[in-house]
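Structural overview
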Amino acid sequence: MPVIKNAVCSLCGCLCDDITVTVDEENKITKIENACILGHSKFQGMFEHERIETPMIRKAGKLVSVSYEEALETAAKILVNSKRTLSYGWCSTSCEAISKAIQLAEETGSLIDSTANVCHGPSALAAQEKGSPGATLGEIKNRADLIIFWGCNPVHAHPRHLSRYSSFSKGFFVPRGRKERKMLVIDVRKTDTAKLADKYVEIEQGADLLLITALRSIINGHEEVIPEKVAGVSKEELLELAKLMKEAKFLCVFFGMGVTQSRSKYKNGDGVASLISDLNQHTKAVMIGMRGHYNVTGFGQVATWETGFPMAIDFAKGYPYYNPGETGANDVLVREEVDAAIIAAADPGAHFPQKALRQLAKIPLIQIDPYANPTTELADVVFPTAVVGIEAEGSAYRMDAISIRMKKLIETKFKTDEEIAKDLIEKVRELKRG
Amino acid sequence: MTLNANLISGRTAQQGANLEAKTSRAYFDACAYCELNSKDLEQLDVAEGDCLKVKTEFGEIVVFAKANNGNPQGLAFIPMGPWANAVLSPETHGCGMPGLKGVPAKIKRTKEKPLDMKSLMRSYREA
């Protein structure tokens, strides 16, 4: 039985590239080594989860199997007849597919957005305001002696992060690993990650910006302006925190949805970047967003080099226009502005709030995905697709923007996202030519 | 008794492990619950596995009750997914991101049962 080493796990933004997979004669993965609970589910799930087996079209309220050609023709007609199309997702797929999706959006004058819309979109805005002093995970692994997890819970969301890249990993300048690294967790509830920390600071929900501002004041030498309590944290504890940060030789703030989704949203990321900048007057400090979908970072990369913007790109005017708050996927759905949608490699049915879903349910919706999910329940045309990283190769970017080539591990009967996007571009062009 | 709580959503390992199995019972079990501090559950006279109705200005949803003393009192957590999103804020505050954390909620005991994923999604189609 072939044993494939250094396979890449295409689940979360850690993009672990040290997975060993055994494939049997029947084209099935029978053994997975090194993967976490999420990775196991990714590889094993291939044979257990509910795959979309054939293209489908909703007829009389029910999705029925149709030929690929019929689905393609119907989908292309929806795109051509729409005056305001939303193209959303394209994050659990390859950069090659993302590139084609952007081309399709341009061809159809659509607005294209990634899952960053409900994830680290505000971090991109923060980076545009203040920059985002970063490092590779390899650099952090080899150098960092203080790891800060702020508003994120990697034990659940990125289970191998701690052992592979951060707290528990052993590095060149930190050969004893966890023994030489301090771990600080800032959160609103004592998570399983917080339980592993040397220090856990519980803050009031939505008060991150207050805490950041207080820490900046102390680090910049103005501790006299700090009141006795900020964000539910005592002044004494704040002073201790600032000292811990200043005395570190190399620190990284890994931040998550607690920072991007809470009150102040992108201003929190802006604040973290400013704090990092202040700390760099005293020591070496960097920040990295804990990215969810394995290639949401790749979407930002591809979109930026092709259009100049990382997400929420509107092609309605014939050239790329970007203004999150106006052109974000949730913005246009909540304003009931879009009249058709194409969704691939993401599941807004599960992850968008109710008002956005009511609009998605009203309009013709095309879905491209390997698995049935809540979006399928709202879809009118459905394309099954290959699982990238298992049934198809391709490029993806890890959370620290390092590109990694994903391998094809098993054979498949399904087309890839890239092939479907290409076929849609051709069909749309054909229809437009009349 | 109604509990006034601050509702947040977020990832869990089980939610993540069933990300690509959202039609399964395991996904329903991983996402259709609300975690509260056990003192809050006591106040509501609710045991783990009983049902809670979580109501916000954006909607209401029935989910199972679960205790987690890592949550401070007054903080409610529902794993990210269709059940949490039935009641979280669609307001994007000029930056594109909906309000998926920090929504004021009223929580009380109920005899109703949580909707399964397909029934919940059907309610959007039929709205």
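Residues numbered from 1 in each chain as written. Chains lettered and ligands numbered in written order. Predicted model: local features only at pLDDT ≥ 70, side-chain atom pairs only at ≥ 80, totals over all residues.

Re the overall build of chain B
Across its full length, chain B carries five helices and six strands. Secondary structure of chain B in N-to-C order comes out as β-α-α-β-α-β-β-β-α-β-α. Oriented by its inertia axes, the alpha-carbon framework of chain B measures out at about 35 × 35 × 30 Å. For chain B, the residues scored as buried account for 54% of the 127 residues in total. Restricting to contacts in chain B with at least 6 residues of sequence separation, those with at least 24 account for 74%. (Helix = DSSP H or I, 4+ residues; strand = E, 2+ residues; numbered from the N terminus. Buried ≥ 20, exposed ≤ 12 C-beta atoms within 10 Å, placed from the backbone. Contact = placed C-beta atoms within 7 Å.)

Considering the overall build of chain A
When you go through chain A residue by residue, the secondary structure sums to 17 helices and 21 strands. Over its C-alpha atoms chain A spans a radius of gyration of 23 Å, differing by no more than 12% from the 22 Å that the globule rule assigns to 434 residues. In terms of principal-axis extent, the alpha carbons of chain A reach across some 70 × 55 × 35 Å. The proportion of buried residues among the 434 residues of chain A is 58%. In chain A, of all internal contacts separated by at least 6 residues, the share reaching a separation of at least 24 is 68%. (Rg over C-alpha atoms; globule rule 2.2 N^0.38 Å.)

What about the interface of chain B and chain A?
Facing 45 residues of chain B, the contacting portion of chain A comprises 55 residues. Looking at the side of chain B that touches chain A, the element that brings in the most residues is helix H5 (residues 117-125) of chain B, giving six residues. The residue inventory of the side of chain B that touches chain A, partitioned by class, reads 21 nonpolar, 17 polar and seven charged. (Nonpolar A, V, L, I, M, F, W, Y, C, P; charged D, E, K, R; others polar.)

With respect to helix H11 (residues 266-279) of chain A
For an α-helix the count is 3.6 residues per turn, leaving residues at separations of three or four pointing the same way. Residues and elements named next belong to chain A. Over its 14 residues, H11 extends 20 Å from the first C-alpha to the last, a length consistent with the 20 Å expected when each residue adds 1.5 Å. Where H11 is concerned, the buried positions are Tyr266, Asn268, Gly269, Asp270, Gly271, Val272, Ala273, Leu275, Ile276, Asp278 and Leu279. For H11, the secondary structure elements touched by its buried residues are helix H4 (121-130), helix H8 (208-219), helix H9 (235-247), strand S13 (250-255), helix H10 (257-260) and strand S14 (284-289). (Expected span 1.5 Å × (residues − 1).)

Let's talk about the sheet that holds S13(A)
All names here are of chain A. Reading across from one edge, S10-S9-S8-S13-S14 is the order of the five strands in this open sheet, with parallel pairing throughout. At either end of the open sheet lies a strand with only one pairing partner, and these are strand S10 (199-202) and S14. Neighbour to neighbour, the strand axes of the sheet diverge by 15° on average, direction disregarded. By the bridge criterion, five bridges tie strand S8 (residues 146-150) to strand S9 (residues 182-187) in an arrangement that is parallel. Each residue of the ladder has a partner; that of Trp150, found in S9, is Ile186. Across the face of the sheet, H11 comes into contact with S13 and S14 while running at roughly 160° to S14. (Pairing = 2+ DSSP bridges. Axes fitted to C-alpha atoms, helices over the stretch in contact; angles between N-to-C directions.)

Some details on the domain arrangement of chain A
Taken domain by domain, chain A consists of domain 1 (56-117 + 294-390 + 413-433) and domain 2 (121-289). Averaged C-alpha coordinates put domain 1 of chain A and domain 2 of chain A at centres separated by 35 Å. (Domains from an automatic or database assignment.)

Considerations on the sheet that holds strand S3 (residues 29-33) of chain A
Residues and elements named next belong to chain A. Taken in spatial order, the three strands make up an open sheet running S1-S2-S3, and their pairing is antiparallel. Sheet topology places strand S1 (3-7) and S3 at the edges, where each strand pairs with a single neighbour. Averaged over all adjacent pairs, the angle separating strand axes in this sheet is 20°, with direction ignored. Those strands touched by helix H1 (residues 37-45) are strand S2 (19-23) and S3, and its axis lies near 165° from that of S3.

With respect to helix H3 (residues 95-108) of chain A
Residue and element names in this part refer to chain A. With 14 residues, H3 should reach 20 Å at 1.5 Å per residue; the first-to-last C-alpha distance of 20 Å fits that figure. Most of H3 sits inside the fold, with 10 of its 14 residues counted as buried. One or two positions beyond H3, positive phi appears at Gly109, with a value near 60°.

Remarks on the packing of helix H2 (residues 68-81) of chain A against helix H17 (residues 417-433) of chain A
Residues and elements named next belong to chain A. Here H2 crosses H17 at 60°, and the two axes come no closer than 9 Å. Once H2 is placed against H17, the crossing between them reads as right-handed. In this structure, H2 uses Leu72, Glu73, Ala75, Ala76, Lys77, Leu79 and Val80 to contact H17, whose residues at the interface are Asp423, Leu424, Lys427, Val428, Leu431 and Lys432. A per-class count over the contact of H2 with H17 returns eight nonpolar, no polar and five charged. (Left-handed = near helix turned anticlockwise from the far one by under 90°.)

What about the packing of H3(A) against helix H12 (residues 296-307) of chain A?
All names here are of chain A. Closest axis-to-axis distance for the H3/H12 pair is 9 Å, and the angle between their directions is 45°. Compared by their axis directions, H3 and H12 come out oblique. Considering the relative orientation of H3 and H12, their crossing is right-handed. Along the contact surface, H3 presents Cys95, Ile98, Ser99 and Ile102, while H12 presents Gly298, Phe299, Val302, Ala303, Glu306 and Thr307. For the contact of H3 with H12, the residue count by class is six nonpolar, three polar and one charged. (Parallel < 35°, antiparallel > 145°, perpendicular 65-115°, else oblique.)

A few points about the nonpolar core
Core analysis: the biggest nonpolar cluster contains 188 residues, and Ala101(A), Ile148(A), Cys252(A), Cys34(B) and Ala76(B) have the highest contact counts within it. Looking at this core element by element, the count peaks at seven residues for H3(A). In terms of domain composition, this core takes at least three residues from each of domain 1 (56-117 + 294-390 + 413-433) and domain 2 (121-289) of chain A. With near-sequence residues (within four places) excluded, Ile148(A) lies in contact with Leu184(A), Ile186(A), Leu251(A), Cys252(A), Val253(A) and Phe254(A). (Core = buried A, V, L, I, M, F, W, Y, C linked by C-beta atoms within 7 Å.)

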